[in-house]
Amino acid sequence: MAQKDKPWLFRTYAGHSTAAKSNALYRTNLSKGQTGLSVAFDLPTQTGYDSDHVLAQGEVGKVGVPVCHLGDMRALFDQIPLDQMNTSMTINATAPWLLSLYIAAAQEQGADVAALQGTVQNDLIKEYLSRGTYICPPKPSLAMITDVAAYTREHLPKWNPMNVCSYHLQEAGATPEQELAYALATAVAVLDDLKGKVPADDFPAMVGRISFFVNAGIRFVTELCKMRAFTELWDAITQERYGITDPKYRRFRYGVQVNSLGLTEQQPENNVYRILLETLAVTLSKNARARAVQLPAWNEALGLPRPWDQQWSLRMQQILAYETDLLEFGDLFDGNPVIDAKVAELKSGARAELDLLDQMGGAIAAIDYMKSRLVESNAARLGKIETNETIVVGVNRWQQAEPSPLTAGDGGIMVVDPAVEQDQIARLQDWRAGRDAAAVAAALDALRADAAAGRNVMPASIVAARAGVTTGEWAGVMRQVHGEYRGPTGVSANPSNQTEGLQDIREAVDAVSHRLGRRLKFLVGKPGLDGHSNGAEQIAFRARDCGMDITYEGIRLTPEQIVTRASEEDAHVIGLSILSGSHLPLIRDVMDRMQGAGLGHVPVIVGGIIPDEDAQSLSEMGVARVYTPKDFQLNTIMRDIVTLVEPAMA
C-alpha cells in the first residue's frame, strides 16, 4: 500500500457565550476527532473593551468567547493540556494581551512554555482594510506585531507569531491578484520591521515561522492556482528580498477557512456543496496544500452554528483525508499547462500590484489606496450578481425550491442567551473586587512605561496578566500611549463611473430632492463593535451613485453618536448595519434615542444577519425595512429609500 501523507490539522472556528461553555464545546470537538483548536473571541475582547463597557452592550459572547482576564482564560482551557495542544487564536489588536494570558494560563498548568504550539493571527494591517477590529494607528500596531514575533523567537520556539490574513481581504471583495498582493505586502512590512528586533543569525528562522491564513472561494480551479501562486511568490520574495537560502524557511505555510462570503441565506443546504468544493482548492495540490483547515458551517448565513453543524463540517474533512486516496499521491498538477498558465497570470497581476505598493511606500503607506480598491472590487462583484453575469444558484437563478427540512423546527441556528452578558459582567466585577489593586496598578504603570519607551510590550503584558489586569485595562494603556485610529471607509464623496441601470433611480432621487428643497440625505451607521463593514460600504457606495447625499463615517459608533449625527445632518433616512447578532439591543437603543431627540418621524432601515422572528421584533420597534443577505438587489433598496422619504412621489 502507498505511504500516505499526514493529514492537515482539523479545526473548527468556535467560541461563544462564556469561557466555561466554550471549554465544554472544545472538549467535545476534540473527542470527535478534531486535532487542533481555533478560538473565536467576542468583539469586546477583539477590540480591547471589558464586557461592561458601553460599547460592549449587546456584543458579549455573540461572535466568540469573552476573555476579560486570566480567570476567563483559565476556564477556557480547563482540562485541556496546553503543552499538548495546537491552538490558533483569531485575535489581532489585542494579540499581545491574549497571548500573554495564554502563556500565564499554561504556566499555571505547569506547562513548559517552550513547548506551546499554535498561532496568533496578529495581522493588524488587514484590520484597517476589511475586518475593523483595530485600536491604534498603523505604525504602533506594526510595532506590536513584531514585538510578539521577537518575544516568541526567544521564549516560544514552536509558536507562529503571525498569520498574515488574506481571508478577510477576499471577504471584502478582493480579486485573486489583490488577495495575493495585499497579503504579501503585509508580510513584507512585518519582516522589514522585524529585522531590527532579532539577531541577524535568527532572522531566517523567523521568516520560516511567519504563516498565512487564506480564503478559498467557489471558483476552485482559480483558487487552487492562487495557492500555487502564493507558494511560488513567497519563495521568490524570501529568497530575493531577504536572501533566505534554506528552502524550509521559504516554504509558504498556511491555514485556511474557506469562503463565507458566498454562503447563501436562500437554500442554505446548497452551502454544503460550496464548502466541499472550496476545500478541494486547498487540499488537492500537494505542493500547495494547507497545513490546517477550518470550515464554516452550512448555516452561517442564517446565524450562529450549532455543535451539530460544526460536526458536519469536521466530518467533511475527515472523509476527504481518511476515506479518499488523496494523501497517497504526489502533486496532481505539476506540469499541467492549463494550471501553469493560470498560475503565471495570477503571479504577473500580483507582481504588478506589489510593485505599485512598493512605489507608494509599502503596505502601511498604502492603506487608504488598498481600502478604496477593495470597495470598488466588491461593488463590481455585487454588480455582476445583480445583472446575472455571475450565477449564484438559489439567489439569482433557480430560486424556486422545496422547503428545507434542515431549517425546520428551531430555525437551524444557535441563539446566545441574553442572560450571558449579565453573568459575564457579574463575574468580571467579582474578579476586580478580589484582586490585589496595588499589584494591578504597578503592572499597568510598568506596561505604560515600556509602551511609551518603545520597548517590547510582551514581558510587561505577561506580568500584568498574572496580576489580574483586564483586557480593557491593557488596551486602555495602548490607547493612552498611542492614541486611537479611525480607518478609511473606502467610500469617497465623488460618484463612480458605474451608471448602468441607475438612471431611473437618479431621476427619482432628483425629483424627491427638488420637492424637499435639498438633496436627499441618507445617513449610514454601524452601531456597536461589528467591523464587518462590507454591506454598509456597498449601500453607501450605491446610494452615492444614485445621487443621494450620504454620510458614512465607518465602524464602531455608539447609538448616541449615530442619533446625534442624524440630528446634526437633518437626515431624511437612517440605515443601520449589524452582522454580529447584537441587532435587537442596539437597534432598540437607537430607536429610543430617536424618539427622545424628536426624530421619531425619520425612517430607519436595518441590514444584517437577522432571523425572521427578530425582523418582526424590529418592525414592532418602528424599523421601516429589514434587509438580510437574500436582499442582494441593491437598486431595490435604493428605490425603497426614495419611497420612505416621500411615498407620494415614489
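One can find the structure itself at the top, above this paragraph.
A quick note: this is a predicted structure, and the numbers were derived from the prediction, not measured. (Residues numbered from 1 in each chain as written. Predicted model: local features only at pLDDT ≥ 70, side-chain atom pairs only at ≥ 80, totals over all residues. Heavy atoms only, no water.)

Our next topic: the packing of aromatic side chains. Both the distance between ring centres and the angle between the ring planes are used here to describe each pair of aromatic rings. In the structure shown here, the tally under the stated rule is 18 aromatic pairs. Seen from their ring centres, Trp8 and Phe10 are 5.9 Å apart, and the 70 degrees between their planes marks the pair as edge-to-face. Each member of the pair, Trp8 as well as Phe10, is classed as buried. A ring pair is formed by Trp308 and Trp312, whose centres lie 5.1 Å apart and whose planes are at 45 degrees; its orientation type is tilted. With Trp308 and Trp312 both in helix H12 (residues 307–322) and four residues apart, the pair spans about one turn of that helix. Classification of Trp308 as partly exposed rests on a relative accessible area of 43%. The exposure class of Trp312 is partly exposed, given its relative accessible area of 31%. Aromatic rings pair up to connect Phe212, Phe230, Trp234, Phe252 and Tyr254 into one cluster. For the cation-ring pair, Lys195 lies above Phe203, with the distance from its terminal atom to the ring centre recorded as 5.7 Å. (Phe/Tyr/Trp six-rings, centres within 6.5 Å; stacked < 30°, edge-to-face > 60°. Buried < 20%, exposed > 50% of the residue type's maximum accessible area, 1.4 Å probe, protein only. Helix = DSSP H or I, 4+ residues; strand = E, 2+ residues; numbered from the N terminus. Lys NZ or Arg CZ within 6 Å of the ring centre and 35° of its normal.)

With respect to the helices, strands and loops of the structure, Asp331 is situated in the loop between H12 and helix H13 (337–359). Polar side-chain contacts of Asp331 include one of 2.9 Å to the side chain of Arg228. In this structure the side chain of Asp331 is engaged in a polar contact, spanning 3.4 Å, whose partner is the backbone nitrogen of Asp334. (Polar contact = N/O pair within 3.5 Å; in protein donor to acceptor, adjacent residues only side chain to side chain.)

Going through the model one piece at a time under the given rule, you end up with six cavities of 30 Å³ or more. Approximately 110 Å³ is the volume attributed to the largest cavity. Along the walls of the largest cavity sit 18 residues, with Tyr134, Lys371, Pro488, Ser533 and Ile555 positioned nearest its centre. Among the elements that line the lining of the largest cavity, the one with the most residues is helix H5 (residues 124–131), at four residues. A breakdown of the residues in the lining of the largest cavity according to their chemical character gives six nonpolar, seven polar and five charged. (1 Å grid on protein atoms, 1.4 Å probe; cavity = no way out; pocket = protein on both sides within 12 Å on 5 of 7 lines; lining within 4 Å. Points joined across faces, edges and corners; volume = space filled by probe spheres on them. Nonpolar A, V, L, I, M, F, W, Y, C, P; charged D, E, K, R; others polar.)

Further remarks concern the nonpolar core. Counting 171 residues, the largest nonpolar core has Phe212, Phe522 and Met548 as its most contacted members. Considering every element that reaches this core, the biggest residue donor is helix H8 (residues 176–194), with twelve residues. Setting aside residues no more than four positions away along its own chain, Met548 makes contact with Val509, Arg519, Leu520, Phe522, Ala543, Met638, Ile641 and Val642. (Core = buried A, V, L, I, M, F, W, Y, C linked by side-chain atoms within 4.5 Å. Contact = heavy atoms within 4.5 Å.)

Judged by how many residues are buried, H5 sits mostly within the fold: eight of eight residues are covered. Along H5, the residues classified as buried are Leu124, Ile125, Lys126, Glu127, Tyr128, Leu129, Ser130 and Arg131. For H5, the secondary structure elements touched by its buried residues are helix H2 (43–47), helix H6 (138–155), strand S7 (163–165), helix H7 (167–171), H8 and helix H14 (367–386). The N-capping residue of H5, defined by a side-chain oxygen 3.1 Å from the backbone nitrogen of Ile125, is Asp123. In the segment just after H5, Gly132 is the residue with positive phi, at about 80 degrees.

Everything listed here is a matter of coordinates, which is why it stays silent on function.
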